[in-house]
Amino acid sequence: MLLEIFKEAWAALGRNPVRSLLTMTGIAWGIVAVTLLLSYGSGFRGVLMYTFEVFGEQAGVERAGKAVRFEQEDADWVKAQSPLVKRVTRETVRWKGITHDERLSDTAIRGVYPEYGEMRNEIPFEGRWISPEDIAERRRVAFLGAILRRKLFSGTPAIGETVRIDGVKFTVVGSMDTKFSDSNYFTSDDESVFIPYTTAGDLWDARYASVMLFEPIAPNFEADAMQQFRAAIASRQHFSPNDKRAITMFGREEFKPIYEGITLGIEALLFFVGALTLGIGGVGVMNIMLVSVEERVREIGLRRALGAKKSHIRWQFLLEALVMTLAAGVIGMLLSAAITSAVGRLPFLGPAYEDDSGKVDIHLTLSFVTMLLSTAILVVVGVISGWLPAMQAAKLDPVEALRYE
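Figured I'd write up the structure that's included with this text. (Residues numbered from 1 in each chain as written. Predicted model: local features only at pLDDT ≥ 70, side-chain atom pairs only at ≥ 80, totals over all residues. Heavy atoms only, no water.)

## What about helix α6 (residues 146-153)?
So the rule is basically this: We call a residue buried when its accessible area falls under 20% of the maximum for its residue type, exposed when it is over 50%, and partly exposed in between, using a 1.4 Å probe and counting protein chains only. Secondary structure elements follow DSSP: runs of H or I no shorter than four residues count as helices, runs of E no shorter than two count as strands, and numbering proceeds from the N terminus.
In terms of residue burial, α6 counts as a mostly covered element, since six of its eight residues are buried. Of all the residues in α6, the buried ones are Ala146, Ile147, Leu148, Arg149, Leu152 and Phe153.

Written out as structure tokens, the structure is:
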């Protein structure tokens, strides 16, 4: 029975092809809007979470006043007193000029230890990272961020070349590819230069670190590791571990819910806008179905007189609305696939990082979740837009319907 009703519903759409086509165009455009907005939201979320993840698994501590200053003994004490802390390292930072030939950049000069590279995901693109031998022998070697490398060398090889930091010669031993991280402090890692901590001590007083970083034994222990770290520093430097003003602490897991909340909120907003656009198309379907009921009153009366039940009439008009929306939805899906394939990606963070690789641009793709959500919206719109006309048609009195002019 349902198959017969479906065939009748499909045939009914051909009675007024222009009107049906215009209505289906509105639905198709609505589904294009939904899928493209969902694809954009998904790509936006993916980029932001990617730039957050490359920050690394460590938490960090910044000195919040003159009363608390980080020495090497503090790092050693934290290692001894904090079983949930996997690694601890110090970092000293100064803003100084770095030059190569006639090119100059005033940026953050970071004195670090070898473990800093693993904790902060400073992965060499060419050359190598700072080694224990560099620390022990106080070598004047430098590791460059991607943007800084381009500023100083403009695409020419940097490894083995000489740069000057505050007038002192350093040999470039490595550099990294663009890091794409929005979770930075002081300045972007891409614009920084990294030198051995001991060598930094030859340029300025590095007894007291600017920052102390630590990594928990696992990401889910970050909060507890932060408590152990604070307690260890408090016991050595004689302040209350409950004094949040003594040192400022921050970690990846602490900010991850904020990033996720922002991106999910944007996705929900885009979903709402797309669904609203599709809903407007559904209003068009409802209008055309109400007009169809008005035009087919005598037909409905004849069907009822020949024995058709109210449910048959109801299902016929409901299926007509569903057939129209689903057929338009298929067209919309195909258009969406063609558009996303043609566009590919949209510029987002690439220009800010002076990068054209596309890693931090928004990639438009039709995922299974996007298709599923779009289909669900289509079905809901079809049912809602067809329900009122179907109920109105089913309520018609057969005798009055046959007399209708």
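## Let's talk about the packing of helix α3 (residues 72-81) against helix α8 (residues 222-237)
This is how the line gets drawn: Interaxial angles span 0 to 180 degrees and are taken between N-to-C directions of axes, which are lines fitted to C-alpha atoms, for helices over the stretch in contact. Roughly parallel covers angles under 35 degrees, roughly antiparallel covers those over 145, roughly perpendicular covers 65 to 115, and oblique covers all other angles. The crossing is said to be left-handed when, going from far helix to near helix, the turn is anticlockwise and less than a right angle, and right-handed when the turn is clockwise. Contact criterion: two residues are considered in contact whenever any of their non-hydrogen atoms come within 4.5 Å of each other. Residues are grouped as follows: nonpolar covers Ala, Val, Leu, Ile, Met, Phe, Trp, Tyr, Cys and Pro; charged covers Asp, Glu, Lys and Arg; every other residue, Gly included, is treated as polar.
Two elements in contact, α3 and α8, have axes whose closest approach is 9 Å; the angle formed by their N-to-C orientations is 125°. Classified by the angle their axes make, α3 and α8 are oblique. At the point where α3 passes α8, the crossing takes the right-handed sense. Facing Glu73, Asp74, Trp77, Val78 and Gln81 of α3, the residues of α8 in contact are Phe229, Ala232, Ile233, Ser235, Arg236 and Gln237. A per-class count over the contact of α3 with α8 returns five nonpolar, three polar and three charged.

## Observations regarding the side chain of Gln237
Selection criterion: By the criterion applied in these results, polar contacts are pairs of N or O atoms within 3.5 Å in which, for protein atoms, one can donate a hydrogen and the other can accept it, and in which residues neighboring in sequence qualify only through two side-chain atoms.
Looking at where Gln237 falls in the secondary structure, it is placed in helix α8. Reaching out from Gln237, the side chain makes a polar contact with the backbone oxygen of Arg69 at a distance of 2.8 Å. Only 3.1 Å separates the side chain of Gln237 from the side chain of Asp74, close enough to count as a polar contact.

## Describing unusual backbone geometry
A positive phi angle is found at Asp101, which is not glycine, with a value near 55°. Summarising the element assignment, Asp101 is placed in the loop between β2 (85-100) and β3 (103-112). Even without being glycine, Asn121 reaches a positive phi, approximately 55°.

## Describing the packing of aromatic side chains
Given two aromatic rings, one states the distance between the centres and the angle between the planes to describe the pair. We apply this condition: Stacked, edge-to-face and tilted are the three classes for Phe, Tyr and Trp ring pairs, Trp counted by its six-membered ring, which pair at centre distances within 6.5 Å; planes under 30 degrees apart are stacked, over 60 edge-to-face, the rest tilted. Our definition puts a charge over a ring when NZ of Lys or CZ of Arg is within 6 Å of the ring centre and also within 35 degrees of the ring normal.
Taken as a whole, this structure holds seven aromatic pairs when the rule is applied. A ring pair is formed by Tyr113 and Tyr197, whose centres lie 4.9 Å apart and whose planes are at 15°; its orientation type is stacked. Of this pair, Tyr113 sits in the loop between β3 and α4 (114-119) while Tyr197 sits in helix α7 (residues 197-203), and the two are 84 residues apart along the sequence. A relative accessible area of 16% places Tyr113 in the buried class. With a relative accessible area of 3%, Tyr197 lands in the buried category. Taking NZ or CZ as reference, Arg69 lies 3.8 Å from the ring centre of Tyr208, over its face.

## Quick notes on the pairing of strand β8 (residues 193-196)
The following threshold applies: What makes two strands pair is DSSP finding at least two bridges between them.
Looking at chain direction, β3 and β8 are connected through four bridges and run parallel. Residue pairing across strands places Gly111 opposite Ile195, the latter belonging to β8. Pairing of strand β5 (residues 141-144) with β8 involves two bridges; the strand directions are antiparallel. Looking at the pairing, Phe143 lines up with Phe194 of β8.

It is worth stressing that arrangement in space is one thing and function is another; only the former is reported here.
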